[in-house]
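Commentary on secondary and tertiary structure
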Amino acid sequence: MTAPLVLVVEDEPAQRDLLTYNLEADGFRVAGAASGDEALMLVDEERPDLILLDWMLPGVSGIEICRRLKSRPETRGVPIVMLSARSEEVDRVRGLETGADDYVVKPYSVIELMARVRGQMRRLRPASQGEVLTFEDITLDSETHRVSRAGKPVKLGPTEFRLLATFMEKPGRVWSREQLLDRVWGRDIYVDTRTVDVHVGRLRKALCIHGGPDPVRTVRGSGYALG
Ligand code: CA
């Protein structure tokens, strides 16, 4: 199972590094943004599972980003923890009803902040340990690595299993070949994007072995999606 992705939006490099270090030490994957515009772009590209969002940013403010993300149906569900320099700001965030899910006042204790992050993640994934994902008639158990379709077991190789797990985390989401390479093979390994096509082909074959329609959709010019 791939680790949840946290987007850290913070313009001060030292703060961003500190957060990145602690989040990675806690098993999260981290993407960093130094400005509001960069953050909005990364949200669309990477679909983070949680966002740590600084209030004071150059360009688009943290408050404005929060408001925009919470007004869009495709990003509304992503928890946002606002970081602000003063408690009066936190009061204002609350008063403004930006939809932020939690607030932490700077200077924060990293331990407390990490507890808040984990709290939001628990809310998001109530059973992240031994999670069973389902999509239509497909079931994937991330703990036992068992996959079944319409009650019949489906045998998958480790790469096909990780591909399917990635697809099932966010059904309907279109993944580019590059994004799948990052998630399934890892950033540091050189693999040709055609390899992705080969493994998606194997996954399709395995899922359809007992009959039933092909659940993986090819999105011309973009990549692949489940359903
Ligand atoms: Ca700042």
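Helix and strand counts for the protein chain stand at eight helices and 11 strands. Radius of gyration (C-alpha) of the protein chain: 19 Å, near the 17 Å computed for a compact globule of 227 residues. Within the protein chain, buried positions represent 48% of all 227 residues. Sequence-distant contacts in the protein chain: of pairs separated by 6 or more residues, those separated by 24 or more amount to 57%.

Along its sequence, the protein chain is carved into domain 1 (5-122) and domain 2 (132-226). A separation of 30 Å is found between the C-alpha centroids of domain 1 and domain 2. With five residues of domain 1 in contact, the opposing surface of domain 2 contributes five residues. Area buried by domain 1 at its contact with domain 2 is led by Arg29, Glu45 and Arg47, which between them contribute 70% of it. Measuring nitrogen to oxygen at the nearest pair gives 3.6 Å for the salt bridge that ties Lys170 to Asp49. In this structure, the connection of domain 1 to domain 2 is made through three residue pairs in polar contact (both at pLDDT 80 or more). For the side of domain 1 that touches domain 2, the residue count by class is no nonpolar, no polar and five charged.

Inspection of the secondary structure puts Ser35 in the loop between strand S2 (29-33) and helix H2 (36-46). A distance of 3.2 Å separates a polar side-chain atom of Ser35 from the backbone nitrogen of Glu38. When residues no more than four places from it in sequence are discounted, the contact partners of Ser35 are Val9 and Pro58.

Moving on to the coordination of the calcium ion. Protein coordination at the calcium ion: the donors are Asp11 (OD), Asp54 (OD) and Met56 (O), at 2.1 to 2.4 Å from the metal. Here the donor residues of the calcium ion share one chain and are spaced in sequence as D-x42-D-x1-M. One end of the pair, Asp11, is in the loop between strand S1 (5-9) and helix H1 (13-25); the other, Asp54, is in strand S3 (residues 50-54), with 43 residues separating them in the sequence.

The strand order S6-S7-S8-S9 describes an open sheet built from four strands, whose pairing is antiparallel. In this open sheet, the two strands that pair with only one neighbour each are strand S6 (132-135) and strand S9 (152-154). For this sheet the average axis-to-axis angle between neighbouring strands, irrespective of direction, equals 25 degrees. Direction of pairing for strand S8 (residues 146-149) relative to S9: antiparallel, over a ladder of three bridges.

What follows is about the sheet that holds strand S5 (residues 102-105). Read from one edge to the other, the open sheet built from five strands follows the order S2-S1-S3-S4-S5, with strand pairing classed as parallel. The open sheet terminates on both sides in strands that have one partner only, identified here as S2 and S5. Averaged over all adjacent pairs, the angle separating strand axes in this sheet is 20 degrees, with direction ignored. Pairing geometry for strand S4 (residues 80-84) and S5, over four bridges, is parallel. Across the sheet, residue Ser84 finds its bridge partner in S5, namely Val105.

With that settled, the discussion passes to the nonpolar core. In this structure, Leu140, Leu164, Phe167 and Met168 are the most contacted members of the largest nonpolar core, which totals 26 residues. Residue assignment for this core shows that the elements contributing at least two residues are S6, strand S7 (138-141), helix H6 (158-169), helix H7 (177-185), helix H8 (193-207) and strand S11 (223-226). A total of six residues in this core trace back to one element, the largest contributor, which is H6. Every residue in contact with Phe167, bar those within four places of it in the chain, is listed here: Trp175, Leu180, Leu203, Val216, Tyr224, Ala225 and Leu226. Among the nonpolar cores identified, the runner-up in size contains 23 residues, and Leu5, Val9, Val60 and Leu69 belong to it.

Calculation notes
Residues numbered from 1 in each chain as written. Predicted model: local features only at pLDDT ≥ 70, side-chain atom pairs only at ≥ 80, totals over all residues. Heavy atoms only, no water. Helix = DSSP H or I, 4+ residues; strand = E, 2+ residues; numbered from the N terminus. Rg over C-alpha atoms; globule rule 2.2 N^0.38 Å. Buried < 20%, exposed > 50% of the residue type's maximum accessible area, 1.4 Å probe, protein only. Contact = heavy atoms within 4.5 Å. Domains from an automatic or database assignment. Buried area = accessible area lost by both parts, 1.4 Å probe. Salt bridge = Lys/Arg side-chain N within 4 Å of Asp/Glu carboxyl O. Polar contact = N/O pair within 3.5 Å; in protein donor to acceptor, adjacent residues only side chain to side chain. Nonpolar A, V, L, I, M, F, W, Y, C, P; charged D, E, K, R; others polar. Donors = N, O, S within 2.8 Å, 3.2 Å for Na, K, Ca; no water. Pairing = 2+ DSSP bridges. Axes fitted to C-alpha atoms, helices over the stretch in contact; angles between N-to-C directions. Core = buried A, V, L, I, M, F, W, Y, C linked by side-chain atoms within 4.5 Å.

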